[in-house]
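Below, each chain spelled out in residue letters.
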Amino acid sequence: MTTSPGGLEAQPTATTYELGDLIPLAWSGRIRVPHFQRDFRWQSQDVLRLFDSIVKGYPIGNLLLWVRRQQSEDFMLGRLQLTAPAHDESLWVVDGQQRLTSLANALSPEGHQYKPFNVYYDLAAKEFVESPQSSEPHHIALPILFDLKKLLTWFRTDGLTASEYFDEAERVATALRQYKVPAYLVRQDDRAVLTDIFDRMNNFGRKLNRGEIFSALYSGEEKGADERLTLAKISDNVAARTGFGSIDIGTVLASVLARRGPDPMRDIRVEFSLTGRRTQSEFPDEDEPTAFSQGEEALVRAVDFLIREAGVPHISLLPYRALLVTLTRFFSHFPHPRPNNLRLLRRLYWRLSLVGPMVFRGSFTQFSRTLGGKIRPEDEEGSLHAMLDTISDADPVLPSAERFRTNEATTKIILSAWWSLSPRSLTTGEVLDAQSLNALLEQDRTAANAAPMIYPRFGDARARLSPANRLFLPTGVDPVSELPAALAMQPLEIDDESWDAVLASHQLDRDLAALAEQDRGTFLAMRQELVRKQLGDFIQRAAEWNYEDTPSLDALDLDDEFDEVEETDVPSAPEGY
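As the structure is a computational prediction, the values presented were derived from the model and not from experiment. (Residues numbered from 1 in each chain as written. Predicted model: local features only at pLDDT ≥ 70, side-chain atom pairs only at ≥ 80, totals over all residues. Heavy atoms only, no water.)

### Topic: the overall build of the chain
Just so we agree on the cut-off: Helix and strand labels come from DSSP, where a helix needs a run of H or I of at least four residues and a strand needs a run of E of at least two; each type is numbered from the N terminus. The classification of residues rests on relative accessible area computed with a 1.4 Å probe and restricted to protein chains. Under 20% of the type maximum is buried, over 50% is exposed, and intermediate values are partly exposed. The contact rule is simple, with two residues in contact once any of their heavy atoms fall within 4.5 Å. Computed with the Shrake-Rupley method and a 1.4 Å probe, the accessible areas treat only the protein chains shown as cover for residues.
Counting its regular elements, the chain contains 22 helices and 12 strands. Here the chain holds 577 residues, and 50% of them are scored as buried. Expressed as a percentage of contacts within the chain between residues at least 6 apart in sequence, the contacts between residues at least 24 apart total 72%. With the model as given, the accessible surface of the chain reaches about 26900 Å², and the carbon-plus-sulfur share is 48%.

Okay, structure coming up:
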């Protein structure tokens, strides 16, 4: 194999680091992530598998580190605010960012507070787990396990009752600190060579998604990178401003592009070029910073509509991401719709949620292109009616209430119906607001943690996985492990009228709640009928359609162009994009 003129002058140097040495290097600011790198995208299961591999002695892959001179500056590594000292040989991660960021944060007391880094080791089960809802004496946080002094102190204090597990803790702690990570060190001053290596390595492995490619293409120079608005920052800003949760980078990119033109799937490589574009931008004189900032504002308005008008409080309840992209385009041109048009837009949202996959054959591209083309600047009412016309020939459908899987569009519609009941806490009687939901789910992609099973071990699998076996409890204080007892017993602090309101908010009354401990089968059968009725009533109000004698969503075959999301308590199923 020959090297191009702009290639490396010398091959990378091979070395190894023990985690006990590597992680302090990251904490001290000696290890950095170049701004052209992809954003951190691992979920909790990825981080858990990483630590499981380490303790089992499995290889976790090589690091590729760029050795270069660096001035002193502050920077973020995951959730860690660090200071990089001036150094002639700072180490910049070209390959291995997800692994290194996970390790540095999960093993740090500061980073460990946040998902997906809040990892514990279950000394009894001998496995790594997410932050447990109810902490047991044999659960130990990774920052304690990684630090020998803290570990010994923990066994003398908080872990005193877990002394029988000391040998296991010592084994895992030693395995973590002494685990060897192979690394290659590249000495090269030409940034273009490093981005070329980065691109080639990702093309040989897990491909960059469209949003990551866009971010790399328009990353600009290193200087000033922290101040520039990026897709990742837009996602973070929208989450902070609205409490809607974290929007994936691909959807943020599609939304930014949809604001500037009807086809959000167009060629991104010429987006800010005056030549090479097939269609003219609706904002031709706009520069990149303006496009990003205005895209964020339109996205915030679209999310506010979902929360305030459509009754969708969190992204985990959004059936299809294409809906958010379309709404962003609409609100970019019509930031303050007239009241009657807001009602039409709400009707459009719910009708598209129900029949959009059939009309557009489950294709995000067709969905977003067709609807985007119907939105014409300076014609608010005409745009709305044009979008409504795209589904005017579709037969109304009623979502099935037979199964509950939080990664499926149907279940997200059910959860929105339940949200309209203003669910209340079983412990305090208070209405659970969107802030509680966002705090519980954080970066979760589904609402599984907000919808616990009443009977997790019920023998009838079909009944166990039905909506009747779930409650919408977006709170971290309700006794989710003892729901039958909680439903059957009114807390002393809650008066009769308030308790009736609590039960009604979960489609229950006193007689039915009493059955929760006495007769599981009868309880689920009776509650399932209430769930079906409430869902039908909600859909009739939201979509303003008559759903008499119509087929269910589950009888329809949507193609698999829609994303897949895994859920821990049920088999995975396709999620609508």
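### As for the nonpolar core
The cut-off we apply is this: Think of a nonpolar core as a cluster: buried Ala, Val, Leu, Ile, Met, Phe, Trp, Tyr and Cys residues, connected wherever their side-chain atoms sit within 4.5 Å.
Core analysis: the biggest nonpolar cluster contains 79 residues, and Ile 247, Phe 305, Leu 306, Tyr 349 and Trp 350 have the highest contact counts within it. Looking at this core element by element, the count peaks at 9 residues for helix α13 (residues 339-359). What Phe 305 contacts, discounting residues up to four positions off in sequence, is Ala 310, Leu 327, Phe 331, Leu 342, Leu 345, Arg 346 and Tyr 349. Counting 51 residues, the second-largest nonpolar core is a separate cluster that includes Ile 54, Val 93, Ile 140 and Ala 162.

### Comments concerning the sheet that holds strand β9 (residues 139-141)
Which entries qualify depends on this criterion: Pairing between strands is defined by DSSP: at least two bridges between them are needed. Every axis in this analysis is a line fitted to C-alpha atoms, fitted for helices over the stretch in contact. Angles between the N-to-C directions lie between 0 and 180 degrees.
Spatial ordering of the open sheet is given by β8-β7-β9, a layout of 3 strands whose pairing is antiparallel. Of all strands in the sheet, those bounded by a partner on one side alone are β8 (127-130) and β9. Strand-to-strand twist in this sheet, taken as the mean axis angle between neighbours without regard to direction, amounts to 40 degrees. Summarising the sheet, strand β7 (residues 119-122) and β9 pair through 3 bridges and their orientation is antiparallel. If you follow Tyr 120 over to β9, its bridge partner there is Ala 141.

### Points about the packing of helix α16 (residues 409-419) against helix α22 (residues 520-543)
Spelled out, the test is: Put simply, angles under 35 degrees are roughly parallel, angles over 145 are roughly antiparallel, angles from 65 to 115 are roughly perpendicular, and the rest are oblique. Residue classes follow a fixed rule: Ala, Val, Leu, Ile, Met, Phe, Trp, Tyr, Cys and Pro count as nonpolar, while Asp, Glu, Lys and Arg count as charged, and any other residue, Gly among them, counts as polar.
Running from N to C, α16 and α22 cross one another at 85 degrees; their axes reach a closest spacing of 9 Å. For the element pair α16 / α22, the angle class is roughly perpendicular. Touching Ile 413, Ile 414, Ser 416, Ala 417 and Trp 418 of α16 are Val 531, Gln 534, Leu 535, Phe 538 and Ile 539, all from α22. Taken together, the residues that form the contact of α16 with α22 break down as 8 nonpolar, 2 polar and no charged.

### Notes on unusual backbone geometry
In terms of backbone geometry, most residues other than glycine have negative phi values and most peptide bonds are trans. Here the bond from Lys 115 into Pro 116 is cis, since omega is 0 degrees, no more than 30 degrees from zero. Examined against the element boundaries, Pro 116 turns out to sit in the loop between α3 (97-106) and β7. In this model, Ser 422 sits at a positive phi of 55 degrees, which is unusual for a non-glycine residue. Positionally, Ser 422 belongs in the loop between α16 and α17 (434-441). Exposure remark for Ser 422: the relative accessible area of 36% places this residue in the partly exposed category.

### A closer look at the confidence of the model for the chain
Definition in use: What pLDDT conveys is the predictor's confidence in a given residue, as a value from 0 to 100.
This prediction gives the chain a mean pLDDT of 85; 86% of its residues lie at or above 70. Below pLDDT 50 for its whole length, residues 547-577 participates in 93 contacts with residues either more than four positions away or in separate chains.

### Digging into the sheet that holds strand β2 (residues 31-32)
Reading across the sheet, the 5 strands line up as β1-β10-β3-β6-β2 and stay open at both edges, with mixed pairing between neighbours. Bordering the open sheet on either side are β1 (13-18) and β2, each of which pairs with just one other strand. Both strand β3 (residues 63-70) and strand β6 (residues 87-95) contribute to a ladder of 6 bridges, which runs antiparallel. What sits directly across from Leu 64, in β6, is Asp 95.

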